[in-house]
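Coordinates in review
Residues per chain are reported as follows:
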Amino acid sequence: MNIGFFERGYLPIKVVRLAADILTDYGGKLADIACGKGVLLKEVEHHGNKSVIGIDLAPDQLAISKANGMTVVRGSIFEMPFKDGKFDISVCFNTLYNFLSLSTLEPVFREMARIIRMDGKIVIDIRNNRNILLNIKYWLHMKRGKHPTISHSLEEINALMEQNGCSLAQKKAVGFNNPYIAWGYILIYEKKAR
Ligand SMILES: C[S@@+](CC[C@H](N)C(=O)[O-])C[C@H]1O[C@@H](n2cnc3c(N)ncnc32)[C@H](O)[C@@H]1O
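Scope of this entry: the structure provided in the associated data block. Here the residue numbers are simple positions, counted from 1 along each chain's written sequence. Under the rules for a predicted model, residues below a pLDDT of 70 receive no local features and side-chain atom pairs below 80 are neither given nor counted, while totals for whole chains, interfaces and linings still include all residues.

**Side note on the packing of helix α1 (residues 10-23) against helix α2 (residues 39-46)**
Let me state the cut-off plainly: Fitted lines through C-alpha atoms give the axes, limited to the stretch in contact for helices. The angle between two N-to-C directions lies from 0 to 180 degrees. A helix here means a DSSP run of H or I that spans at least four residues, while a strand means a run of E at least two residues long, and both kinds are numbered starting from the N terminus. Two helices crossing with the near one rotated counterclockwise from the far one by less than a right angle form a left-handed crossing, whereas a clockwise rotation gives a right-handed crossing. Here, residue contact means that the backbone-derived C-beta atoms of the two residues sit within 7 Å. Classes in brief: Ala, Val, Leu, Ile, Met, Phe, Trp, Tyr, Cys and Pro nonpolar; Asp, Glu, Lys and Arg charged; the others, Gly included, polar.
The contact between α1 and α2 brings their axes to 9 Å, and the two run at 35 degrees. The way α1 lies across α2 gives a crossing that is right-handed. Contact residues: α1 offers Val16, Ala19, Ala20 and Leu23, while α2 offers Val39, Leu40, Glu43 and Val44. Grouping the constituent residues of the contact of α1 with α2 by class yields seven nonpolar, no polar and one charged.

**Quick look at the sheet that holds strand β2 (residues 52-56)**
For clarity, the threshold we go by: Paired strands, as defined in this entry, are two strands with at least two bridges between them according to DSSP.
Ordered by their spatial adjacency, seven strands build an open sheet running β3-β2-β1-β4-β5-β7-β6, and the pairing between neighbours is mixed. At either margin of the open sheet sits one strand with a lone partner, and together these are β3 (72-74) and β6 (166-174). Each neighbouring strand pair of the sheet contributes to a mean axis angle of 20 degrees, computed without reference to strand direction. Sheet analysis places strand β1 (residues 30-33) next to strand β4 (residues 87-92), joined by three bridges and oriented parallel. Of the residues in β4, the one forming a bridge with Ala31 is Ser90.

**Examining the site of the ligand**
This is how it is decided: The criterion for a residue being near a molecule or strand is simple: its C-beta atom, placed using the backbone, must lie within 6 Å of it.
Taken together, 18 residues lie near the ligand, and Ala34, Gly36, Leu57, Ala58 and Asn94 sit nearest. Residue assignment for the shell around the ligand shows that the elements contributing at least two residues are α1 and α2. Taken together, the residues that form the shell around the ligand break down as eleven nonpolar, six polar and one charged.

**Structural notes on the nonpolar core**
Applied cut-off: The term nonpolar core refers to a group of buried residues, namely Ala, Val, Leu, Ile, Met, Phe, Trp, Tyr and Cys, whose C-beta atoms join them within 7 Å. Whether a residue is buried, exposed or partly exposed is read from the other C-beta atoms within 10 Å of its own C-beta, which are placed from the backbone; 20 or more gives buried, 12 or fewer gives exposed, and intermediate counts give partly exposed.
Ranked by size, the top nonpolar core spans 48 residues in total, and within it Ala19, Leu40, Val91 and Val123 carry the most contacts. Beyond its immediate stretch of four places on either side in the chain, Leu40 contacts Val16, Ala19, Ala20, Asp32, Cys35 and Phe93.

**A few points about the packing of helix α4 (residues 102-114) against helix α6 (residues 154-163)**
Note the threshold: By the definition adopted for this analysis, an angle is roughly parallel if under 35 degrees, roughly antiparallel if over 145, roughly perpendicular if from 65 to 115, and oblique otherwise.
In contact at an axis separation of 9 Å, α4 and α6 are set at 45 degrees when each is read in the N-to-C sense. As the angle between them shows, α4 and α6 are arranged oblique. For α4 against α6, the interelement crossing comes out right-handed. Of the residues in α6, those touching α4 at Leu102, Leu105, Glu106 and Phe109 are Glu156, Leu160, Met161 and Gln163.

**Details of the pairing of β2**
Rule in force here: If the strands point away from the viewer and the path from the first strand over the helix to the second runs clockwise, then the crossover is right-handed.
Counting buried positions along β2 yields four of five residues, so the element is predominantly enclosed. Relative to β2, β1 is paired through four bridges, and the arrangement is parallel. Pairing of Ala31 across the sheet is with Ile53, part of β2. Traced from β1 through α2 to β2, the parallel crossover comes out right-handed. Here three bridges tie β2 to β3, and the two strands are oriented parallel to one another. In the sheet register, Gly54 faces β3, and the bridge partner there is Val72. For the segment spanning β2, helix α3 (residues 59-67) and β3, crossover handedness is right-handed.

**A look at the environment of Ala19**
Its location among the elements puts Ala19 in helix α1. The spatial distance from the C-alpha of Ala19 to the C-alpha of Tyr185 is 9.9 Å, given a sequence separation of 166 residues. Ignoring sequence-local partners within four residues, the contact set of Ala19 consists of Leu40, Val91, Phe93, Val123, Asp125 and Ile186.

**Some points on unusual backbone geometry**
You will see that Asn94, though not glycine, has its phi angle at about 55 degrees, which is positive. Within the fold, Asn94 resides in the loop between β4 and α4. Unlike most non-glycine residues, Asp119 shows phi in positive territory, near 70 degrees. Position of Asp119 relative to the elements: it lies in strand β5 (residues 116-127). Taking the C-beta count within 10 Å as the criterion, Asp119 has 10 such neighbours and is therefore assigned exposed.

Quick look at the structure:
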């Protein structure tokens with residue numbers, strides 16, 4: 001794997017590697033939302049799933065994905081150019097922590113739920129807001145005027161997903177498996193009939 005990893009932080013790399021491992025248990029059509037340079041897509045393909053597509057808004061990121069052989073489309077995570085129920089699984093990593101308000105996340109989850117079939121899965125990661133070290137890091141990050149970065153509570157994310165008909169099926173800690181020192185979680189939701 002040679003795209004993106006060497007210019008990234010410890011946590012994004014850890015998230016992508018853990019996510020790719022988890023996703024080996026789930027086949028089917030996969031959409032990677034805010035795919036960036038396609039690092040996760042490449043990992044998932046490498047593990048055997050060839051039915052993957054990425055979506056991102058940034059032309060430079062999409063160009064790198066394409067150059068690495070990934071299928072990607074340009075579009076917004078708030079309004080994705082995909083039909084209802086087209087995918088078995090929609091995933092989004094290392095991105096939701098850049099959205100400061102929950103009201104901004106809700107339409108993203110609505111779209112992620114819309115594009116998967118009934119009983120399909122949504123897999124995301126969040127940064128853990130009970131981890132004090134992480135909160136200090138993000139506070140400093142914001143103070144230095146860098147792009148917005150925030151941790152989330154599992155409960156608030158679960159509530160937003162429930163609003164969109166998706167229930168938490170599994171959670172995996174990123175780093176230590178302790179609610180106060182886990183860096184974050186990979187969360188797997190299942191879309192249920194309402
Ligand atoms: C930190 S990168 C994460 C990339 C990738 N998921 C990964 O883990 O390597 C965040 C990505 O979100 C994309 N992005 C931000 N806002 C977006 C929007 N409204 N619609 C689509 N993509 C967006 C950016 O272009 C960027 O590629």
